[in-house]
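Summary of the model geometry
Here's the letter readout for the chains.
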Amino acid sequence: MNFDLKDIDADLKSFAQKGVTEFALGEERFSCDKKALADFVKKAARLAPDVYYSIPVQAGILDAELIGLLQNLFCSVDVVMRGPLGQKFFLDKKLFSKKAALLNNAGIVFGFLMDWARADGDSVKGFRDRIDFALPLYPNHIDFEQLFSDKKEAKNTATFSSQDITWARDVAYAINVFYSEGRAVPWFNSVLKPLKIAPSKFFSDFAEWQRCNNCGYDMRKKISEEGHKEIEKMQVLFLEEKYSEKRLERLLPVVVDLVKLNGAFSRLEGEGEESELKLNFNPEDLMSPASLDINSFEENVCMEECKIKIFAAGDSPDYKFLQ
């Protein structure tokens, strides 16, 4: 749907009649025009408040005023971390860190929009740098339009060979599966820290693991149909392998509990699915700030094997002990 700025009211009012529940605001003019975007957000919150909006935004226009308006909208903000086609992209780390902190502090779901080999002078190092910078900022997801659009397919350049493009595509797909579709944001940085490797290295290794296990980019349609539970199985298997490589098996009971507990809560929220889990630790401990440091958690928190049921108590998630 294309919006005429003069007819936004009518367009938004039509959402309820058409049964629209999710809407991606794809028009670039809104992403870089604070006034136009603020006007849209205010009207969307008033005229179609039940719709879930995906809103791409250039980092430069995000400020306290716009973020305050976004708090009134059921939405996800996709911060653009790429340059226009044909133009070199400069990663202003101070700017992106500041905007991510504002969004996190406001409790707004946000992610990043990235690409590879599309900007003049882009390189494998630049792609790695963007990944390694973005993940510690706790984005809910990282989206790569090139993964699912032939029209946006990258072409090799003097600084990004065909082999580099294949590698970058596979790493982007690994991020899509393990992190974004795998709903890993609550625990990813904590789980990565003991491994002492960069996010780009972690996802490069996961991409190789996917290829070896017939669940890589070429199998993307099948993987997308299997749902979160199957992705969670992949997450656990791969983490068990990585932690074993580093001789950190003693930490795996904590790691696996974190993945499974957070995954179960996410499925309750996303699919309304209740779960029964066997855990090595008390869920209260696992959901506490202590779990942010897995080494310290393993050393200082006593194991307390238990079985719990995760369910909805009214509008809120809850759990109870089964034994």
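As a starting point, this report considers the structure included with it. (Residues numbered from 1 in each chain as written. Predicted model: local features only at pLDDT ≥ 70, side-chain atom pairs only at ≥ 80, totals over all residues. Heavy atoms only, no water.)

1. Some words on the pairing of strand E4 (residues 109–114)
Spelled out, the test is: Per-residue accessibility, obtained with a 1.4 Å probe over protein chains only, is compared with the maximum for each type, and a residue is labelled buried under 20%, exposed over 50%, and partly exposed between these values. Strands are runs of DSSP state E lasting at least 2 residues, helices are runs of H or I lasting at least 4, and numbering of each runs from the N terminus. Only strands joined by at least two bridges in the DSSP assignment are considered to pair.
E4 sits mainly inside the fold: 5 of its 6 residues count as buried. Here strand E3 (residues 75–80) pairs with E4 via 5 bridges, running parallel. Within E4, the residue paired with Val 80 across the bridge is Leu 113. Where E4 lies against strand E5 (residues 141–144), 4 bridges are found, and the strand directions are parallel. Bridge pairing links Phe 112 to Ile 142 in E5.

2. As for the environment of Ile 223
Counted only if it meets this: Between two residues, a contact is recorded if the distance between any of their heavy atoms is within 4.5 Å.
Checked against the element boundaries, Ile 223 lands in helix H10 (residues 220–226). Distance from Ile 223 to Val 177, taken between C-alpha atoms, is 8.4 Å for residues 46 residues apart in sequence. With sequence-adjacent residues up to four places away left out, Ile 223 is seen in contact with Tyr 173, Val 177, Cys 215 and Met 234.

3. A short note on the pairing of strand E2 (residues 52–58)
Relative to E2, strand E1 (residues 22–24) runs parallel, the two being bridged by 3 bridges. By the bridge assignment, Glu 22 is partnered in E2 with Tyr 52. Note: E2 against E3, 6 bridges, orientation parallel. Its bridge partner being in E3, Tyr 53 is matched across the sheet by Cys 75.

4. Details of the side chain of Ser 200
Examined against the element boundaries, Ser 200 turns out to sit in helix H9 (residues 199–212). Filtering out sequence-adjacent residues up to four positions away, Ser 200 remains in contact with Arg 128, Ile 131 and Asp 132.

5. Structural notes on the side chain of Asp 257
Heads up, the condition is: Charge assignment in this entry is limited to Lys and Arg as positive and Asp and Glu as negative, and neither His nor the chain termini are counted. Any Lys or Arg side-chain nitrogen found within 4 Å of a carboxyl oxygen on Asp or Glu counts as a salt bridge.
Its location among the elements puts Asp 257 in helix H12 (residues 252–271). Buried within the structure, Asp 257 lacks any salt-bridge partner; its nearest side chain of opposite charge belongs to Lys 260, at an N-O separation of 6.9 Å.

6. Description of H9
The criterion, for reference: The span expected for a helix works out to 1.5 Å for each residue beyond the first.
Between its terminal C-alpha atoms H9 stretches 20 Å, which fits the 20 Å expected from 14 residues at 1.5 Å a residue. Along H9, 10 of the 14 residues are buried, which leaves the element largely enclosed by surrounding structure. Within H9 the residues assigned to the buried category are Pro 199, Ser 200, Phe 202, Phe 203, Ser 204, Asp 205, Phe 206, Ala 207, Trp 209 and Gln 210. In this structure, the buried side of H9 is in contact with helix H6 (124–134), helix H7 (162–181), helix H8 (188–192) and helix H11 (228–245).

7. Some details on the sheet that holds E3
Threshold: Here an angle of 0 to 180 degrees is reported between the N-to-C directions of two axes, which are lines fitted to C-alpha atoms, with helices fitted over the stretch in contact.
One open sheet holds the 5 strands; their spatial order is E1-E2-E3-E4-E5, and the pairing between them is parallel. With partners counted over all chains shown, the strands left at the sheet margins are E1 and E5, one partner each. The sheet shows a mean angle of 25 degrees between the axes of neighbouring strands, direction not considered.

8. What about the sheet that holds strand E6 (residues 275–279)?
Sheet strands line up and pair through hydrogen bonds in the backbone, either parallel or antiparallel. Here we have 3 strands laid out as an open sheet, ordered E6-E7-E8, and antiparallel in their pairing. Of all the strands in the sheet, the pair left with one neighbour each is E6 and strand E8 (316–321). When strand polarity is set aside, the average angle formed by the axes of neighbouring strands in this sheet is 30 degrees. Both strand E7 (residues 306–313) and E8 contribute to a ladder of 6 bridges, which runs antiparallel. Note that in E8 the partner of Phe 311 across the bridge is Asp 318. In the packing of H12 onto the sheet, contacts are made with E6, E7 and E8, and the angle to E6 comes to roughly 170 degrees.

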